[in-house]
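Listed below are the residues making up each chain.
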Amino acid sequence: MNVRTVCLAILQFSDATGYEIKKMSTEERFSYFVDASFGSIYPALSRLQDDGCVTVREEYESGKPPRKIYSITDKGRAELIESLQVLPRPDTFKSEFLLIALCAGLLDRETIVRAIDKRINDLKADLEMFDEAETCAENGPAGLGWVAEYGRFVHEASLKYLLENRDKLESLTRAPDHASEAAE
């Protein structure tokens with residue numbers, strides 16, 4: 001799937017400005033599905049408009065430039081459905097935290113402890129987001145509840161593993177430099 005598909009998916013659920021689409025696809029709930037960058041959204045929207053998959057209307061507010069509001073068309077909905085029927089590629093998982101863990105032997109314990117604590121806080125923040133999604137599931141897209149439960153399960157398992165095994169990771173850090181200990 002691509003940026004074009006995620007734009008159509010966002011517009012399937014509600015009309016939006018380009019800025020709202022950028023924010024949803026790079027920072028919010030749609031950022032979990034496709035890698036999109038700020039620079040890729042507007043060209044995709046322009047092509048979708050040229051292809052008749054979206055329409056644009058302008059809303060005017062006093063003293064402000066007009067806002068362009070994008071809406072999906074029947075042709076866009078058909079393209080979205082067609083692209084969703086293609087089997088997905090394997091999920092990609094990238095984690096800066098895991099790179100730090102991989103190199104734990106190069107780092108001091110304090111750095112690893114900070115990285116673990118940050119990861120725990122990030123996982124807890126994601127779990128709160130899944131709580132919000134589950135609350136909205138009744139009025140949202142048909143699959144929202146299931147996606148939120150799946151995300152919750154994966155994040156809870158990750159959090160549990162990290163809490164139960166943080167001491168193992170902390171023990172992999174480099175031995176303290178005795179010269180720096182003496183200086184302290």
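Residues numbered from 1 in each chain as written. Predicted model: local features only at pLDDT ≥ 70, side-chain atom pairs only at ≥ 80, totals over all residues. Heavy atoms only, no water.

(A) Just the overall build of the chain, in detail. When you go through the chain residue by residue, the secondary structure sums to eight helices and three strands. Listed by position from the N terminus, the elements making up the chain come as α-β-α-α-β-β-α-α-α-α-α. The C-alpha atoms of the chain give a radius of gyration of 22 Å, which is well past the 16 Å a tight globule of 184 residues would have. Seen through its principal axes, the chain has C-alpha atoms that stretch 70 × 40 × 30 Å. Counting every position in the chain, which comprises 184 residues, the buried fraction comes to 33%. Taking all contacts inside the chain whose residues are at least 6 apart in sequence as the whole, residues at least 24 apart take part in 59%. Just so you have it, the chain exposes about 12,600 Å², and 55% of that area is on carbon and sulfur atoms. (Helix = DSSP H or I, 4+ residues; strand = E, 2+ residues; numbered from the N terminus. Rg over C-alpha atoms; globule rule 2.2 N^0.38 Å. Buried < 20%, exposed > 50% of the residue type's maximum accessible area, 1.4 Å probe, protein only. Contact = heavy atoms within 4.5 Å. Areas by Shrake-Rupley, 256 points an atom, 1.4 Å probe, with all protein chains shown as cover.)

(B) Structural context of the sheet that holds strand 3 (residues 67–72). As summarised here, the arrangement of the three strands in space is 1-3-2, forming an open sheet in which the pairing is antiparallel. Unpaired on one side and paired on the other, strand 1 (16–17) and strand 2 (54–59) mark the two borders of the sheet. Pairing geometry for strand 2 and strand 3, over six bridges, is antiparallel. For Val 56, the partnering residue across the bridge sits in strand 3 and is Tyr 70. (Pairing = 2+ DSSP bridges.)

(C) Representation of helix 7 (residues 144–170) in the model. The terminal C-alpha atoms of helix 7, which comprises 27 residues, lie 37 Å apart, in line with the 39 Å expected from a rise of 1.5 Å per residue. The largest bend in helix 7 comes to about 55°, at Glu 164. Taken as a whole, helix 7 has its buried residues at Leu 144, Gly 145, Ala 148, Gly 151, Arg 152, His 155, Leu 159, Leu 162, Asn 165, Arg 166, Leu 169 and Glu 170. Those residues of helix 7 hidden inside the fold are in contact with helix 5 (96–102) and helix 6 (109–136). (Expected span 1.5 Å × (residues − 1). Bend = angle between axes of the 7 residues up to and from the residue.)

(D) Highlighting helix 3 (residues 38–50). Among all positions in helix 3, only Ile 41, Ala 44, Leu 45 and Leu 48 are buried. Each buried residue of helix 3 lies within a common arc of 100° when the element is viewed along its axis, so the set occupies one face. Exposed positions of helix 3 whose direction lies more than 90 degrees from the buried face are Gly 39 and Asp 50. The secondary structure elements touched by the buried residues of helix 3 are helix 1 (3–13), helix 2 (18–26), strand 2, strand 3 and helix 4 (74–84). In the stretch just after helix 3, Gly 52 is the one whose phi turns positive, near 80°. (Arc of directions from axis to C-beta.)

(E) Region of interest: the state of the cysteines. In this structure the tally under the stated criterion is zero disulfides. Unpaired in this structure, Cys 53 has its nearest cysteine sulfur neighbour in Cys 7, at a distance of 11 Å. Overall, the relative accessible area of 0% leaves Cys 53 in the buried class. (Disulfide = S-S within 2.5 Å.)

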